[in-house]
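Architecture at a glance
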Amino acid sequence: AQQWRRASDLAPHSTTTMVADNTPAEEVEGVDPLLELAETRFLATVTEDAGSKQAHIDALLKDIEENDRAALYEQVAAALGLILDEAKLQSMREKNVAELKTLDEKIKDAEENLGETEVREAYLAKAEYYKRLGDKQKALEQFEATEKKTVAVGQKMDLVFSTLRLGLFYLDFDLLSKHMQKQKDLFNEGGDWERKNRLKVYEAVTLMATRKFKEAAELFLDSISTFTTNELMSYNTFIFYTVLTALTSLDRPVLKAKVVDAPEVLAVIKEIPKLSELLYSFYNCDYGEFFRAFAEVSDAVKMDRYLHLHYRYFMREARIVAYTQFLESYKSVTLQSMAQAFGISDDLLDKELSRFIAVGRLNCKIDKVAGVVETNRPDAKNALYQNTIKEGDMLLNRIQKLSRVIVL
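Everything numeric here is computed off the predicted structure, so don't read it as measured data.

1. Some remarks on the pattern of salt bridges
One pass over the structure, following the stated rule, counts 22 salt bridges. A salt bridge links Glu 65 to Lys 88, with the nearest nitrogen and oxygen atoms 3.5 Å apart. Linking Glu 65 in helix α3 (residues 50-66) with Lys 88 in helix α5 (residues 86-113), this pair joins segments that are 23 residues apart in sequence. Look at Lys 88 and you get partly exposed, because its relative accessible area is 27%. Here Arg 93 and Glu 74 are joined by a salt bridge, their closest N and O atoms 2.9 Å apart. Placement of Arg 93 in helix α5 and of Glu 74 in helix α4 (residues 70-80) is noted, with a sequence separation of 19 residues between them. Owing to a relative accessible area of 36%, Arg 93 belongs among the partly exposed residues under this scheme. One salt-bridge network, held together by shared partners, links Asp 32, Glu 128, Lys 131, Arg 165, Arg 198 and Glu 231.

Right under this line is the structure:
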């Protein structure tokens, strides 16, 4: 997974875009260091191999010490069960106090001797410093203070983007939801399209991290030709997320039009280990190859900070879409031939299908005696009729209850 994240040189070069309110969109050179640190912290938490785990811990502590992130040092030590070096912590705190004193002096000087632009920049520098330290509460307070000194809508949106990255660092979904809505409101006040496209990626990542793959896929695909959100991820990582969310949520014709044949996907998918095999084997109905690629991609999903908690869900949904696509071609098929197509044993396939049939995820039944899987595709018109009757009965019951209340 690290190969995909570190390939930021493959992402489009960021540019400064002039917007409607004559303020340039913030210039981004690469992934936000705080988000890179979040990735290292995550790997230090979930990696099972002792050597790799220690390497991630060492890298994490080195970054914290080099950037004097005192607040994060305490959090990391508590989360990973590390012995807190009080002398090191005190040294970082003293450097934080000294830097904050310097920033406060710059704010005072700007307010007394300089213009509104310089005052805002001084406030913003302090907010960004708190963000760099990982001090969420103080960073949020300072960003709010900076917003009060900000007039241009574009600059206000950039402040919200910084806040959203802080929310992604902590995976604080309440904070993300609140500021996502705030960003949409700002866009309605006069925001530009470049920032709106970036917001789609922020929202897509949040939706994906909360297991809303279909909604996330739609936003990823809307942004695929205008991707400039380099502060969140490399372009390869963006394509990785796009393909995975689309594979488990889009219909076959839509998948072909928007993903399989998309030039943006074709341009980089070969750079991402096993992703091209996963996508094209699925579309070409090569289920044996699909399962082989699926095993390796699933390992990458397990080690992804946003997808880690949804690892089992992704594994289940990917298998269901593959089984569903296979069965759509047949009225009945033997267990043995289906198992051979997927490269698994008859018993394992039997267990898989039985479980998915029992929870209503596959429209088929197994004749165990004959060793045959029989499909029973639902009649869409009949299902709609039954649903209409059911809703009609519910409506009549409510009307009857309401009439009794009115009579009384």
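2. Considering the sheet that holds strand β3 (residues 372-375)
Taken in spatial order, the three strands line up as β1-β3-β2 in an open sheet, and their pairing is antiparallel. Both edges of this open sheet fall to β1 (332-334) and β2 (364-367), since each of them pairs with a single strand only. Neighbouring strand axes in the sheet, compared pairwise and without regard to direction, differ in orientation by 20° on average. Strand direction decides the pairing type here: β1 and β3, joined by three bridges, are antiparallel. Bridging from a neighbouring strand, Thr 334 pairs with Val 372 of β3. Contacts from helix α19 (residues 346-358) reach β2 and β3 within the one sheet, and its direction differs from that of β2 by about 135°.

3. Observations regarding the nonpolar core
Judged by nonpolar contacts, the single largest core of 108 residues is most densely connected at Phe 240, Leu 279 and Tyr 323. The element that contributes the greatest number of residues to this core is helix α17 (residues 311-327), accounting for 10 residues. In terms of nonpolar packing, the next biggest core, distinct from the first, is built from five residues, Ile 107, Ala 110, Val 119 and Ala 122 among them.

What counts and what doesn't
- Residues numbered from 1 in each chain as written.
- Predicted model: local features only at pLDDT ≥ 70, side-chain atom pairs only at ≥ 80, totals over all residues.
- Heavy atoms only, no water.
- Salt bridge = Lys/Arg side-chain N within 4 Å of Asp/Glu carboxyl O.
- Helix = DSSP H or I, 4+ residues; strand = E, 2+ residues; numbered from the N terminus.
- Buried < 20%, exposed > 50% of the residue type's maximum accessible area, 1.4 Å probe, protein only.
- Pairing = 2+ DSSP bridges.
- Axes fitted to C-alpha atoms, helices over the stretch in contact; angles between N-to-C directions.
- Contact = heavy atoms within 4.5 Å.
- Core = buried A, V, L, I, M, F, W, Y, C linked by side-chain atoms within 4.5 Å.

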